[in-house]
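# Understanding the architecture of this molecule
What follows is each chain in one-letter form.
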Amino acid sequence: MASAWWPCLILALLSGLAASGFLRSPSRPLGKRSLPEGVVNGIEVYSTKISCKVTSRFAHNVVTTRAVNRADTAKEVSFDVELPKTAFITNFTLTIDGVTYPGNVKEKEVAKKQYEKAVSQGKTAGLVKASGRKLEKFTVSVNVAAGSKVTFELTYEELLKRHKGKYEMYLKVQPKQLVKHFEIEADIYEPQGISTLDAEASFITNDFLGSALTKSFSGKKGRVSFKPSMDQQRSCPTCTDSLLHGDFIITYDVNRESPANVQIVNGYFVHFFAPQGLPVVPKSVVFVIDVSGSMHGRKMEQTKDALLKILDDMKEEDYLNIILFSGDVTIWRDSLVQATPENIQEARTFVKNIHDQGMTNINDGLMRAINMLNKAREEHRVPERSTSIVIMLTDGDANVGESRPEKIQENVRNAIGGKFPLYNLGFGNNLNYNFLESMALENHGLARRIYEDSDANLQLQGFYEEVANPLLTGVEVEYPENAIQDLTQNAYQHFYDGSEIVVAGRLLDEDMNNFKADVKGHGATSDLTFTEEVDMKEMEKALKEQDYIFGNYIERLWAYLTIEQLLEKRKNAHGEEKENLTAQALDLSLKYHFVTPLTSMVVTKPEDNEDQTAIADKPGEGGHGLSGTLHGLPDQLPASSDALLLRGWGPPLHHPSPAERRCHLLHR
């Protein structure tokens, strides 16, 4: 299962883009013009196309922007693309007047040396940064001579993950000026058959969207096309600025006549598992809530509002408790109680009276919750066929009691003992997210950042909805002995309704006639086994239908999933184990040309009659965040940063001249 979105839950993966980030022209009425319409600052963006090909949930996305300098002097042209944090860039090319400058993926240390050489020559390092909740922004700029044309092309890939019963591609659209040929085109091929397909945009009404949008699906193939004319792009009938600024979202799901589907291509296989119609396994959930002084105000009110909604959604067969921690620990009830209407009403009263106070004792809050769940199970106070969950919300770091992150992590790991998952929700940015994530991952859970915004309560509710309905526990996916190798994760503590388990691997014998896969798990009323058998010859015939989809998609899907899981394991590894995991992930990243936290893409670009170097790195979610200007040659490229990170040589940040805009470091 994937990192950032997460073991046991398969959530939607997002695709994003902000097509060609040129300077926006002010809204003005049409009048006499000496330059063609759509020219801003002398630059005409005459084409932007986003091409998405999805085969069996694996998306291959290409963003292409073409522009021409209509001015009589050289101009700087910028290209911005917002892509999902979970995607891997696989290629970038820059073409000027027919000459192409390609990107090459290299080990980060090798790329770092090229970067340091550029910095030592006094050239400014550029930037890449996290952009909002789910995206990160790729930015590159280049000087273009008068009359010259430039083409930017960025390719990235990702595995779309099922979230609340659908797959979602989220495209961030903001061309910032009228574009003569603007198009989003998505082709989807799903061997199971497509059951639903939809598309919507946040920046225009459905009536308008209808005339620019076409969407269709039949059998295994689906297609979405969005091609607004220049008149349809205008913010008003007589304006020259664009209204294309916002989200374009494509959602779909597949037929599930069988709970599983196995596909095999060129010696690699992928196994999708998402059974329907199973009864929900009862759960015992303890909410561990930070009520320290830093939660004062809107954060506390939003947390209380979310808890009240969650209580309303609990099923009567569930069990619950609420634990509050500040400097001390306060519990609602001494032990778990069933979610009867009477108990839910009392819990609501308790939540309404929560007040913030004091410091942050994460360790004691978690230990009380874990011990309570363990005791309830040992004393048979909860149903035999039920599962346990801890959900912890905090907005800061531990500062009273046991405050050492590594010791808290050890205490929690020993107390849980692998029996149930821990989900950590980090409210805002003033916390050690890496600690929360590491602790959750090693206890079969995940961490999620809750953004301080007007919808924080909805973010909290949304997370609970993802784990509210476990359908299976103790899920194991099994294959014939000595038939496969290089298997991705094949054991999961929970399968939740609306999600999907994905396992991939390699066949040892490509000439085998049949392939069998078993999924075993504990259901609400009995143990279940789901068997999927594949006739290899029939599979070969079926795959001939996909002539328009890239052929090695399962191999790349396997590589993507393997790298993601190796990087996830690496977060809690040490010494030789960490070195081995790093080496495996690095080898695959280089082989498949993925920009991951271990690699960088080096782009050589022309500038002032000499080639200069740009480096694209992959940022991460963790850390306290860092922003500002750093001076001097860096000792090393940081592993991750959530905020804009600018590295340069010389005076504080100012508006650089074209000669200074030479070496761009895109750092994740």
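The notes below deal with the structure included here. (Residues numbered from 1 in each chain as written. Predicted model: local features only at pLDDT ≥ 70, side-chain atom pairs only at ≥ 80, totals over all residues. Heavy atoms only, no water.)

### Thoughts on the overall build of the protein chain
Put simply, the rule reads: A run of H or I in DSSP counts as a helix once it spans at least four residues, and a run of E counts as a strand once it spans at least two, with each numbered from the N terminus. Relative accessibility thresholds used throughout: buried, under 20% of the residue-type maximum; exposed, over 50%; partly exposed, between the two (1.4 Å probe, protein chains only). Methods summary: accessible areas were calculated by the Shrake-Rupley approach with a probe of 1.4 Å, and residue burial reflects only the protein chains presented.
Scanning the protein chain from terminus to terminus reveals 12 helices and 35 strands. The buried share of the protein chain, reckoned over its 668 residues, is 60%. A total accessible area of about 26600 Å² is found for the protein chain, and carbon and sulfur atoms account for 47% of it.

### Some remarks on the pattern of salt bridges
Counted only if it meets this: The working definition used for a salt bridge is a side-chain nitrogen of Lys or Arg within 4 Å of a carboxyl oxygen of Asp or Glu.
All chains considered together, the criterion is met by 31 salt bridges. Lysine 161 is the salt-bridge partner of glutamate 564, the closest N and O atoms lying 3.0 Å from each other. A residue pair is termed long-range when its members are at least 10 positions apart, and glutamate 564 in helix α11 (residues 553–570) and lysine 161 in the loop between β9 (149–159) and β10 (167–173) qualify at 403 residues. Of the two residues, glutamate 564 and lysine 161, both sit in the buried class. One salt bridge in this structure joins aspartate 305 and lysine 309, with 3.2 Å as the shortest N-O distance. Remark: lysine 309 and aspartate 305 occur in helix α4 (residues 298–313); sequence separation between them is 4 residues, near one turn of the helix. Counted as one network, the salt bridges with shared partners bring together Arg57, Arg162, Glu190, Asp253, Arg256 and Glu500.

### Topic: empty space enclosed by the protein
Operational definition: Here a cavity is any set of points on a 1 Å grid over the protein atoms alone where a 1.4 Å probe fits but cannot get out, and a pocket is any open set with protein on both sides within 12 Å along at least 5 of 7 lines; a residue lines the site when it has an atom within 4 Å of a point. Grid points are joined across faces, edges and corners, and a volume is the space filled by probe spheres set on the points.
All told, the structure shown has 3 cavities of 30 Å³ or more when counted by the stated rule. If you add up the space inside the largest cavity, you get close to 100 Å³. Every residue along the wall of the largest cavity is listed here: Phe287, Ile289, Thr303, Ala306, Leu307, Ile310, Ile391, Leu393, Leu425, Leu460, Phe463 and Tyr464. Among the secondary structure elements, those contributing two or more residues to the lining of the largest cavity are β18 (283–290), α4, β22 (387–394) and α9 (456–467).

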